[in-house]
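Understanding the architecture of this molecule
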Amino acid sequence: TAWLAGCASGPTADPARMPAELQLTLPANALGCSLAVQQHLTVQPPGQGAQELDALLEVDAPSVRLALFHLGQRMGTLTWDGQHLHNELSRWWPAQLPPAQVFSDMQLALWPASAIEKALPADWTIIENNSSRRFSYKGVERISVQSSGADAFDIRYAPLTWQLHV
């Protein structure tokens, strides 16, 4: 779950020195509860049209399971057991969407900020308020997670034009 565009704020940084996108691998129990939800996603890759997906997400103490569907066809399943991310991807899985990034985006949006903050790599920070989370690398905002209703949120990556609405 997870996806991405926005405006950088703060000091200007050399894009060539920016790290690969932030990828979290928090344990399932760090969520603090069990979860079983169906979600509708709109993914907007750079320079391409939006793609509609449906997701089934289950979280319990030992694992996280995510299945993605497009027009009723299973695109892939991801399972995180706390050590390894296992995936089964169909031929329709978008090549530009790494499964580890999908999993990380889901955690950026849903896991508690306190658990995320403990797992952030060096030079990354999180600022959270009532309706948003902002992730910065060396003072430059890279990712925002913004509430867009009671059960919806948007993830935007700067300076890329990736966006995800859940």
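Residues numbered from 1 in each chain as written. Predicted model: local features only at pLDDT ≥ 70, side-chain atom pairs only at ≥ 80, totals over all residues. Heavy atoms only, no water.

Considerations on the pattern of salt bridges
This model, assessed by the stated rule, comprises four salt bridges. Taking the shortest distance from any N to any O, the salt bridge between Arg65 and Glu58 comes out at 3.1 Å. In this structure, the salt-bridge partner of Arg133 is Glu128, at a minimum N-O distance of 2.8 Å. (Salt bridge = Lys/Arg side-chain N within 4 Å of Asp/Glu carboxyl O.)

Brief notes about empty space enclosed by the protein
What the largest cavity holds in volume is close to 40 Å³. Along the walls of the largest cavity sit Val43, Pro45, Gln51, Leu53, Pro94, Gln96, Leu97 and Trp162, which together make up its complete lining. Residue composition of the lining of the largest cavity, grouped by class: six nonpolar, two polar and no charged. (1 Å grid on protein atoms, 1.4 Å probe; cavity = no way out; pocket = protein on both sides within 12 Å on 5 of 7 lines; lining within 4 Å. Points joined across faces, edges and corners; volume = space filled by probe spheres on them. Nonpolar A, V, L, I, M, F, W, Y, C, P; charged D, E, K, R; others polar.)

Section: the nonpolar core
Counting residues in each nonpolar core, the largest one holds 40 residues, and the members touching the most others are Val64 and Phe135. Per-element tally for this core: the top contributor is helix 1 (residues 99–110), with five residues. For Val64, the residues in contact, after removing those within four places along its chain, are Ala28, Leu57, Glu58, Val59, Leu78, Thr79, Trp80, Phe103, Met106 and Trp111. (Core = buried A, V, L, I, M, F, W, Y, C linked by side-chain atoms within 4.5 Å. Buried < 20%, exposed > 50% of the residue type's maximum accessible area, 1.4 Å probe, protein only. Helix = DSSP H or I, 4+ residues; strand = E, 2+ residues; numbered from the N terminus. Contact = heavy atoms within 4.5 Å.)

What about the layout of surface pockets?
Roughly 330 Å³ of internal volume is contained in the largest pocket. Around the largest pocket, the lining is made up of 19 residues, and of these Ala109, Leu110, Ser147, Ala152 and Phe153 lie nearest the centre. Contributions of two or more residues to the lining of the largest pocket are made by strand 1 (35–44), helix 1, strand 7 (132–137) and strand 8 (140–147). Considered class by class, the residues forming the lining of the largest pocket number eight nonpolar, eight polar and three charged.

Description of the pairing of strand 1
Consecutive side chains along a regular strand alternate between the two faces of the sheet. The sheet contact formed by strand 1 and strand 2 (residues 51–59) spans nine bridges and is antiparallel. Across the sheet, the residue bridging to Gln39 is Ala55, located in strand 2. Alignment of strand 1 against strand 10 (residues 163–165), held across three bridges, turns out to be antiparallel. Along strand 10, the bridge assignment pairs Val43 with Leu164. (Pairing = 2+ DSSP bridges.)

Re the packing of aromatic side chains
Under the definition given, this model contains two aromatic pairs. Between Trp80 and Phe103, the aromatic rings sit 5.3 Å apart at their centres with planes inclined by 45°, giving tilted as the arrangement. With a gap of 23 residues between them, Trp80 in strand 4 (residues 73–80) and Phe103 in helix 1 connect regions that are remote in the sequence. What makes Phe103 buried here is its relative accessible area of 4%. (Phe/Tyr/Trp six-rings, centres within 6.5 Å; stacked < 30°, edge-to-face > 60°.)

Treat this as a map of the structure, not an account of what it does.
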